[in-house]
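Each chain, letter by letter, is given below.
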Amino acid sequence: MTDIKARITEDAKLMESVLESYLSMTDDKYPVLFEAMRYGVLDGGKRVRPFLALEFCRMAGGDDKAVLPFAAAIECIHSYSLVHDDLPCMDNDMLRRGKPTNHVKFGEANALLCGDALLTYAFEIASNNEYVDSKGVVEAVKLLSNMSGVFGMVGGQQIDLLSENKSIDMDTLKYLHSKKTGCLIRCASLLGCIAAGDKCTNELYEAADKYASGIGLTFQIIDDILDVTGDEAVFGKPIGSDAEQNKTTFMTFMSVEDAFEEAKKLTEEAKAAISKYEGSEILCDFADYLLYRNK
């Protein structure tokens, strides 16, 4: 049995060091932008997406140094999305992981620019990956663009906005989250496969996508459960904010018990997709970890 918490901590520590190196730059003429970028990324997050990129690359037989730039890029995109999500014109959240949100600390305009800067910087990081051949870099940049843009995460955010104060059905809710949350989780996993180069087969690539799709939806279901049952001090943001904003969530259609059973089913399907591959134990344990998390 893998000590999954230790592995997550180890990978997160590695990523923290990598992200710090990428975000160490500044400009004396506008230092606040760089401070906001660091605050938005180096905030003790779970590093779920970098973990997936690293572990899929390792499982496929790839090298850490090849995947780390891609892992940093996906985390910058994820972080920008959180900075923008928290803005008054979006979710208007005051806390993120127990700390004031970016716009509370730096002002709304600076938070907006911070998100813009992190998004564009992500593509600079990914495109400068010297440990992956040019074909792999192009494939990675295309994947990042597709999964984070209008047909991916941003598309999901738009559906979320259009769904405010409206009743939507379960199929629409699942479609929303397959894009808003699921796409970056899929992207991270597939970036790990791309970083492994020819060592990753088409079959493994498809299995990684299936696994990531399953845990992506599970991740959102557990988030919705925690918004009802979580401890605010542990969860790091206000409990009950979804209900206050009249959002349709999985809790709209299910009890906590039924939602958790659905998440368990998705987790088992995700694990089954990769379980035949050598070294899959870590990712299978990670799927269980996400299912039973409390923050």
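Residues numbered from 1 in each chain as written. Predicted model: local features only at pLDDT ≥ 70, side-chain atom pairs only at ≥ 80, totals over all residues. Heavy atoms only, no water.

*Asks:* It is not clear to me how the overall build of the chain should be interpreted in this structure. Could you clarify?
*Replies:* When its secondary structure is counted, the chain shows 16 helices and two strands. Its C-alpha radius of gyration of 18 Å places the chain within 12% of the 19 Å reference for a compact globule of 295 residues. In terms of overall dimensions, the chain has C-alpha extents of about 55 × 50 × 35 Å along its principal axes. The contacts of the chain with a sequence gap of at least 6 include a subset with a gap of at least 24, amounting to 74%. The chain carries 31 positive and 48 negative side-chain charges, and their two centres are separated by 2 Å. (Helix = DSSP H or I, 4+ residues; strand = E, 2+ residues; numbered from the N terminus. Rg over C-alpha atoms; globule rule 2.2 N^0.38 Å. Contact = heavy atoms within 4.5 Å. Lys, Arg positive; Asp, Glu negative; His and termini not counted. Charge placed at Lys NZ, Arg CZ, Asp CG, Glu CD.)

*Asks:* How should the side chain of Lys180 be read in this particular structure?
*Replies:* Structurally, Lys180 is set in helix H9 (residues 170-180). Here Lys180 falls in the buried class, since its relative accessible area comes to 16%. Ignoring any residue separated from it by four or fewer positions in sequence, one finds Lys180 in contact with Asp85, Met153, Gly156, Gln157, Asp160 and Lys247. (Buried < 20%, exposed > 50% of the residue type's maximum accessible area, 1.4 Å probe, protein only.)

*Asks:* Is there a simple way to think about the packing of aromatic side chains in this case?
*Replies:* Each aromatic ring pair is described using two quantities: the centre-to-centre distance and the angle formed by the ring planes. By the definition in use, this model includes six aromatic pairs. Both rings, one in Phe286 and one in Tyr289, keep their centres 6.1 Å apart while their planes meet at 15°; by these two values the pair is stacked. Residue Phe286 and its partner Tyr289 are located together in helix H16 (residues 281-291), separated by three residues, close to a single helical turn. Judged by its relative accessible area of 1%, Phe286 falls in the buried class. Owing to a relative accessible area of 24%, Tyr289 belongs among the partly exposed residues under this scheme. Among the aromatic residues, those joined into a ring-pair cluster are Phe51, Phe286 and Tyr289. Taking the ring centre of Phe219 as reference, the NZ or CZ of Arg49 above it sits at 5.8 Å. The positively charged end of Lys105 is found above the aromatic ring belonging to Phe106, 5.9 Å away from the centroid. (Phe/Tyr/Trp six-rings, centres within 6.5 Å; stacked < 30°, edge-to-face > 60°. Lys NZ or Arg CZ within 6 Å of the ring centre and 35° of its normal.)

*Asks:* What am I meant to see in helix H15 (residues 256-274) here?
*Replies:* Since the α-helix packs 3.6 residues into each turn, any two residues three or four apart lie on the same face. Between its first and last C-alpha, H15 extends 28 Å over 19 residues, near the 27 Å set by a 1.5 Å rise per residue. All buried positions along H15 are accounted for by Ala259, Glu262, Ala263, Leu266, Thr267, Ala270, Lys271, Ala273 and Ile274. For H15, the secondary structure elements touched by its buried residues are helix H3 (48-59), H9, helix H11 (202-229), helix H14 (250-253) and H16. (Expected span 1.5 Å × (residues − 1).)

*Asks:* I tried to follow helix H10 (residues 182-195) on my own but got confused; where do I start?
*Replies:* Spanning 14 residues, H10 covers 20 Å between terminal C-alpha atoms, matching the ideal 20 Å at 1.5 Å per step. The buried fraction of H10 amounts to 13 of the 14 residues, a majority that puts the element mostly inside the structure. At the C-terminal side of H10, Gly197 shows a positive phi close to 65°.

*Asks:* What is the right way to read the pattern of salt bridges from this model?
*Replies:* In a structure, side chains of opposite charge can pair up when their charged atoms sit close to one another. Per the stated rule, a full pass over the model turns up 16 salt bridges. The salt bridge partner of Asp288 is Lys271, with a shortest N-O separation of 3.1 Å. Here Asp288 is found in helix H16, whereas its partner Lys271 is found in helix H15, with 17 residues between them in sequence. Lys271 sits in the buried class, given a relative accessible area of 15%. Here the residues in one salt-bridge network are Arg7, Asp11, Glu55, Arg58 and Asp64, joined through shared partners. (Salt bridge = Lys/Arg side-chain N within 4 Å of Asp/Glu carboxyl O.)

*Asks:* What is the right way to read the nonpolar core from this model?
*Replies:* Nonpolar side chains in soluble globular proteins tend to be buried together. Counting 79 residues, the largest nonpolar core has Met37, Leu52, Phe56, Tyr211, Ile274 and Phe286 as its most contacted members. Considering every element that reaches this core, the biggest residue donor is helix H4 (residues 64-85), with 12 residues. With sequence-adjacent residues up to four places away left out, Ile274 is seen in contact with Phe56, Ala207, Ala208, Tyr211, Ser280, Leu283 and Cys284. In this structure, Met170, Leu173, Leu176 and Phe250 belong to the second largest nonpolar core, which totals 17 residues. (Core = buried A, V, L, I, M, F, W, Y, C linked by side-chain atoms within 4.5 Å.)

*Asks:* What is the right way to look at the environment of Leu144 in this model?
*Replies:* Mapping Leu144 onto the fold places it in helix H7 (residues 134-148). On a C-alpha basis, the gap between Leu144 and Tyr30 in space is 28 Å, while along the polypeptide they are 114 residues apart. In this structure Leu144 touches Ala73, Ile74, Ile77, Phe123, Ala126, Cys187 and Leu191, once residues within four positions along its chain are discounted.

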